[in-house]
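Take a look at the letters that make up each chain.
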Amino acid sequence: MSQLRSKVISLYKHLQYLGRDYPGLNGPQKFRKQVHDAFMKNKDEKDPKKIVALLAQGRYLAKEVEALYSLKKYRTIKQRYND
Amino acid sequence: MISLLFNSVATPFWKWQRCGKYNLWTPNHPLSFLTISAVARKKMARVLVGVKRVIDYAVKVRVKPEKNGVVTQGVKHSMNPFDEIAVEEAVKMKEKKLASEVIAVSVGPTQSQEVIRTALAMGADRGVHVEVPAAEYDLLQPIHVSKILAKLALDEKADLVILGKQAIDDDANQTAQMTAAVLDWPQGTFCNKVEKTDAGLTIAREIDGGLETIKTKLPAVLSADLRLNTPRYATLPNIMKAKKKPLKKVTPKDLGVDTTPRIEIISVEDPPVRQAGAVVADVDALVAKLKAGGHI
């Protein structure tokens, strides 16, 4: 149980760290607030299976955000350096 | 027991860091080096990667009111995108057991250590920071950097030097080529794909007409182009681990490189504002306008 708790906390920290570069005006603040609200909504979850499913969802979100950043960077650099 | 199952479900096999007896065979374990035969280890290359701290690609660059440079105070800086691709390629080679060690080098003032830490977090083993004072750094040119990198490559006994194609702040596209010239090593620039063979490297290069495949021997200098790979995002645990990795500080004088400026910046100005275009009604009007403008 404590292992799941530490996993949840490390996932939260990871998502907060990823949110620094979120695009858009006030992007980082909005993203961090959404992550905070999502974690707060599920804070009373006790079933380990459900927690594992939610953790998988969180990791999926982290991958999606990473993909967003790398795609944005790739497209910008490609546009600038490819005629 | 349950935790073992949990780990096997949540994390892929090759990432089992905390599973006791299996961790020696994961690619990132420091002792996994021992699982390779001595012969294979001798063939593995030591890779030197050059990274540069530049203004972040997404930031709108502004010219200073004094017109002698761009605004860098308080502006977000990060690693040059092409250098990220170079670091990723070096780390991939290490994971495929083609490279034994990845050394990240940066030339610049104290803040350059941030990008070395990012490179260490992405998987490099050691960092070298060549300290140059800020005033001298403004006038530092690829000719100086290439001599520094060449000396470091010889000192660290590197077999491969991977650099980014160009830096997004000066767009010089000279450092890799000059480093190869100083070292008298073969160069593979604008790499799209790098494969290691017994004889050396097979490189696909992006040129105007398409892709060119060349074969070079090691040691060599490579410059990474955009489509070589997709760089990984450094995770928080890796950043924490990177703080413990060794970072050596040297000065250009220690390396015997003269960094006196060869240029003087006279002025830096905005490019001219783009003139608005005009929409014409039909082809005749277009031809008439072109004739009037003296273009045909």
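Refer to the structure presented above.
Owing to the predicted nature of the structure, the values given are computational and were not obtained by experimental measurement. (Residues numbered from 1 in each chain as written. Chains lettered and ligands numbered in written order. Predicted model: local features only at pLDDT ≥ 70, side-chain atom pairs only at ≥ 80, totals over all residues. Heavy atoms only, no water.)

Asker: What exactly am I supposed to notice about the pairing of strand S8 (residues 201-207) of chain B here?
Answerer: Looking down a regular strand, the side chains alternate between one sheet face and the other. Residue and element names in this part refer to chain B. The buried fraction of S8 is high, at six of seven residues. Two strands pair when backbone bridges link them, and strand S7 (residues 187-196) and S8 are joined in this way by five bridges, in the antiparallel orientation. Within the sheet, the bridge partner assigned to Glu195 lies in S8 and is Thr202. Linking two consecutive strands that pair antiparallel, namely S7 and S8, is a turn of four residues. In terms of strand pairing, S8 meets strand S9 (residues 210-216) through seven bridges, oriented antiparallel. Bridged to Glu206 within S9 is Leu211. Between the end of S8 and the start of S9, which pair antiparallel, lie two residues. (Buried < 20%, exposed > 50% of the residue type's maximum accessible area, 1.4 Å probe, protein only. Helix = DSSP H or I, 4+ residues; strand = E, 2+ residues; numbered from the N terminus. Pairing = 2+ DSSP bridges.)

Asker: I'm lost on the environment of Arg227 of chain B in this one. Help?
Answerer: When you line up the elements, Arg227 of chain B lands in the loop between strand S10 (220-224) and helix H8 (236-242). The sequence separation of Arg227 of chain B and Phe82 of chain B amounts to 145 residues, and the corresponding C-alpha distance is 9.7 Å. Not counting residues up to four positions away in its chain, the partners in contact with Arg227 of chain B are Tyr74, Lys78 and Asn82 of chain A together with Asn192 and Glu206 of chain B. Of note is the side chain of Arg227 of chain B, whose polar atom sits 3.1 Å from the side chain of Tyr74 of chain A. (Contact = heavy atoms within 4.5 Å. Polar contact = N/O pair within 3.5 Å; in protein donor to acceptor, adjacent residues only side chain to side chain.)

Asker: Looking at this model, I keep getting lost on the side chain of His14 of chain A. Mind explaining?
Answerer: Looking at the element boundaries, His14 of chain A is found in helix H1 (residues 2-18). The contacts of His14 of chain A, once residues within four sequence positions are left out, are Ala62 and Glu66 of chain A together with Thr235 and Leu236 of chain B.

Asker: Teacher, can you tell me more about the interface of chain A and chain B here?
Answerer: By a widely used convention, the size of an interface equals the accessible area lost when the partners come together. Opposite the 24 residues of chain A that make contact, chain B presents 23 residues. Both sides of the chain A and chain B interface together cover about 2,000 Å² of buried area, and 61% of this is carbon and sulfur. Together, Tyr17, Lys73 and Tyr81 of chain A form the three largest contributors to the area buried by chain A at its contact with chain B, with a combined 30%. Linking chain A to chain B there are two salt bridges. For Asp21 of chain A, the salt bridge is made with Lys76 of chain B, and the minimal N-O distance between the two is 2.8 Å. Counting across the chain A and chain B interface gives six residue pairs in polar contact (both at pLDDT 80 or more). Counting residues per element, the ones that place at least two in the side of chain A that touches chain B are H1 and helix H3 (48-81) of chain A. With 14 residues, H3 of chain A is the single largest residue contributor to the side of chain A that touches chain B. Taken together, the residues of the side of chain A that touches chain B sort by class into nine nonpolar, five polar and ten charged. (Buried area = accessible area lost by both parts, 1.4 Å probe. Salt bridge = Lys/Arg side-chain N within 4 Å of Asp/Glu carboxyl O. Nonpolar A, V, L, I, M, F, W, Y, C, P; charged D, E, K, R; others polar.)

Asker: Looking at this structure, how should I read helix H3 (residues 81-95) of chain B?
Answerer: Helix length check: H3 of chain B, at 15 residues, gives a terminal C-alpha distance of 21 Å against a target of 21 Å (1.5 Å per residue), a fit within 8%. A large share of H3 of chain B lies buried, amounting to 13 of its 15 residues. (Expected span 1.5 Å × (residues − 1).)

Asker: Can you walk me through the environment of Gly108 of chain B in this structure?
Answerer: Residues and elements named next belong to chain B. Along the chain, Gly108 falls in strand S4 (residues 99-108). Taking the C-alpha atoms as reference points, Gly108 and Ala153, separated by 45 residues in sequence, lie 17 Å from one another. Once residues lying within four places of it in the same chain are set aside, the contact partners of Gly108 are His129, Val130, Glu131, Val132 and Tyr137.

Asker: What exactly am I supposed to notice about the packing of aromatic side chains here?
Answerer: Between two aromatic rings, the relevant description is the distance of the centres plus the angle of the planes. As enumerated under the stated definition, the model contains four aromatic pairs over all chains in all. Ring centres of Tyr69 of chain A and Tyr233 of chain B lie 5.7 Å apart, and the angle between their planes is 35°; on these two criteria the pair is classed as tilted. On the criterion of chain membership, the pair formed by Tyr69 of chain A in helix H3 and Tyr233 of chain B in the loop between S10 and H8 is interchain, its members lying in two chains. Above the plane of the ring of Tyr17 of chain A lies Arg20 of chain A, whose end atom (NZ or CZ) is 4.1 Å from the centre. (Phe/Tyr/Trp six-rings, centres within 6.5 Å; stacked < 30°, edge-to-face > 60°. Lys NZ or Arg CZ within 6 Å of the ring centre and 35° of its normal.)

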